Every structure is written in C-alpha cells, then in structure tokens.
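Examination of the molecular architecture
What follows is each chain in one-letter form.
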Amino acid sequence: MSDEARHRLSAEGADPLTLAGVNDANFTELQRALGVRVSQRGDAITVAGEVEQLQRAVPVLQGMIDLARAGETLAPEDVYRYATEGFTPTELGTPGDLGKIVLPGMRRAIQPKTPGQAEYLAKIAEHDVVVGIGPAGTGKTYLAVAKAVEALARKRVKRIILARPAVEAGESLGFLPGDLQQKVDPYLRPLYDALEDMMPHERVAKALEMRVIEIAPLAYMRGRTLSDAFIILDEAQNATGAQMKMFLTRLGVNSKVVVTGDKTQIDLPRREESGLVQIERILTGIEGIAFHLLSDADVVRHRLVKDIIRAYAEDQAG
C-alpha cells in the first residue's frame, strides 16, 4: 500500500491567478516535476503524494503562496526551477523584498530567480568592480542593466555607459551602408533591448539624446575617464587583454563597473587571449573587485536552454 499523505496550506491573501497560473499552469508544473497532486478550494490548497514527495513539494508551494501574496510574478518556469534545483522562492529573501529592483514606471519588479542571481546582485551592491561569468540565459547582463537603471533613478550616478566589443564591426563592415553607429548598432541591440524592457521607450530615447545613457562599442571608451557613472562591459570574452586593461582603467570617482561574459563563446582569433580569461587569472583577490560565477543552474530562459548548455559542456568535456 502506498505511503500517501496530504497536507493543507492556506492561500489567504494570495492572488489565485498569480498562484495557480493561467489554466493552472503553475500547479500543473509542480505536479509534473514532483509527482504530487495539487487541488484548490477557496483559500485552501491541498497537496497529496508520498511523504518524501510532500517533503519537497510543501516548502515550494508555501514559497509560491508567499510570492503571490507579495504581488510578485510567478511562471511555470519559476516553479520548475524551485522544484528541481533544491531551493524555495523564500530562500532568495523575505517575501516582498526578494532582492528586487523596483524601477520608476515599471509595473513589475525585477528580482533574482535563483540563489546565484541573488548573490550576483549582492556583489554588485557591495563592490566597485564586479565580473559576472556564466553561460547564456543566466541574467548576468539583464540584472546588471537593471542595477544601472536603479542607480540612475536613485541619483547614485549621473549616467549609464553600456559597452560591447564589436569584434565583427571593424574594417570588414566597411562595405555596409550607413555611418559607423549604424554599422555597429546590430551588435549593441541586446543592450538596447534590455534597457527598453526597464524604461519607457520615450524615456530611453531622451536619455540617449541627452547622453545620460550611452551605448557604444568598447573602442569608444579609449582616452576617457568615466566618473559618476555605472559602466557595463557586455560580451567581455571578446575583449582583448589590451582592450580590457583600457576599459578597467577608465574607472573614475563614484563609478561602478560590471563586466559580463561567457568563456565558452569567445570569438577572438586563437592567438588572442580573451581579456575576460586574463582578468580572472590576474585580478582575483584584489579588494573591491568581485568575481561571480553563474552556472546552468542559474539559466532562466526556456528549460531546454539549460539542457542544451549541459549537453554542449558534456560534449566538450568528453
């Protein structure tokens, strides 16, 4: 006979749609991931299954309830991570203050989805230079841009500088129509996308026009001193050692730098050492500089992205 048990939780004060998801998708994901059965009647939620299954499911479900009460968003992908990665939503912080970033004009808060992301945000808050290294989909750039917009909104800095090495945007693109900015814009597009997800379009346009926000190829940083600024270097694995040194030495008074990159996506010629790989080797241990490694456990895109990253890693290791 099955060692089945039931546990009842109160969802009083939690928005039913946020908690259960559209067409009960969140409950369906929890059931699929942990093999339990979830039913809701009014404010009472019952979860049934074997004792071992309930020991895993009840904390996750309670965390989901806490998030819904706090007005946070909750998607099936979030439930999947909580159920499979061995942590609960409330382990990221106190409900209602989950390390979240509240930006002016945004209906939703931006918050860490994994413990790794929460630690990454904490390091950005505590250090002048942070290097975030990890695979695609871990939120390393998106969260850095969110912290930059927050710092600007709270007047902690006077401007935001977003830079990327445009390794393909050199002389080889000379035949393309348009000026240099039009030629390199495709390589900077992900930064525009992240920014426009956090600020109304017209506010982004005005900030760019007033140069309160600047999005530019890494080469544009040469010879400048960047004070009172939040500076992000994205795709840093494609910066050479010389470019990385040039970039980091632009740091001025009251400025913060976040460097992000993925060491498995280096597009430099084989003879060139990645500046990201170099600084991980030579700058580790310097006070005020923090390195943070994100892994496939921090991937917050479609669940298949995590599986794809792991498959490639296993193939390269083999």
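Residues numbered from 1 in each chain as written. Predicted model: local features only at pLDDT ≥ 70, side-chain atom pairs only at ≥ 80, totals over all residues. Heavy atoms only, no water.

1. Re the overall build of the chain
Across its full length, the chain carries eleven helices and nine strands. The 318 residues of the chain split such that 47% are buried. Of the roughly 16200 Å² of accessible surface on the chain, a fraction of 50% belongs to carbon and sulfur atoms. (Helix = DSSP H or I, 4+ residues; strand = E, 2+ residues; numbered from the N terminus. Buried < 20%, exposed > 50% of the residue type's maximum accessible area, 1.4 Å probe, protein only. Areas by Shrake-Rupley, 256 points an atom, 1.4 Å probe, with all protein chains shown as cover.)

2. Re the sheet that holds strand E3 (residues 44–50)
Taking strand neighbours across the sheet as the criterion, the three strands line up as E1-E3-E2 in an open arrangement whose pairing is antiparallel. The open sheet terminates on both sides in strands that have one partner only, identified here as strand E1 (4–10) and strand E2 (37–41). Averaged over all neighbouring strand pairs, the angle between strand axes comes to 20°, with direction disregarded. Running over the sheet, helix H2 (residues 25–34) touches E2 and E3 and is turned about 150° from E2. Set on the sheet, helix H3 (residues 51–69) makes contact with E1 and E3; between it and E3 the angle comes to about 155°. (Pairing = 2+ DSSP bridges. Axes fitted to C-alpha atoms, helices over the stretch in contact; angles between N-to-C directions. Contact = heavy atoms within 4.5 Å.)

3. Quick notes on unusual backbone geometry
Phi at Arg211 is positive, roughly 60°, even though this residue is not glycine. Looking at where Arg211 falls in the secondary structure, it is placed in the loop between helix H8 (201–209) and strand E6 (213–217). At Asp228, a position not held by glycine, the phi torsion is positive, near 50°. Within the fold, Asp228 resides in the loop between E6 and strand E7 (229–233).

4. Some remarks on the pattern of salt bridges
Two side chains of opposite charge can pair, provided their charged atoms sit close to one another. Inspection of the entire model under this criterion finds 15 salt bridges. Notably, a salt bridge pairs Arg69 with Asp66, separated by 3.8 Å at the nearest N-O pair. One end of the pair is Arg69 and the other is Asp66, both in helix H3 and three residues apart, which spans about a single turn. The class of Arg69 is partly exposed, set by a relative accessible area of 36%. Where Glu196 meets Arg189, a salt bridge forms, and the shortest distance between an N and an O atom there is 3.5 Å. A relative accessible area of 30% places Glu196 in the partly exposed class. Here the salt bridges do not stand alone but share partners, grouping Asp78, Arg81 and Lys113 into one network. (Salt bridge = Lys/Arg side-chain N within 4 Å of Asp/Glu carboxyl O.)

5. Overview of the side chain of Ser274
With respect to the helices, strands and loops of the structure, Ser274 is situated in the loop between strand E8 (256–261) and helix H10 (275–282). The class of Ser274 is buried, set by a relative accessible area of 4%. Ignoring anything within four residues of it in the chain, the contact list for Ser274 reads Ala236, Gln237, Ala239, Ile266 and Leu268.

6. Observations regarding the packing of helix H9 (residues 241–248) against H10
Where H9 contacts H10, the axes come no closer than 8 Å and their chain directions differ by 65°. In the packing of H9 onto H10, the handedness of the crossing is right-handed. Within the contact between the two elements, H9 uses Gly241, Met244 and Leu248 and H10 uses Gly275, Leu276, Gln278 and Ile279. Per-class residue counts for the contact of H9 with H10 are four nonpolar, three polar and no charged. (Left-handed = near helix turned anticlockwise from the far one by under 90°. Nonpolar A, V, L, I, M, F, W, Y, C, P; charged D, E, K, R; others polar.)

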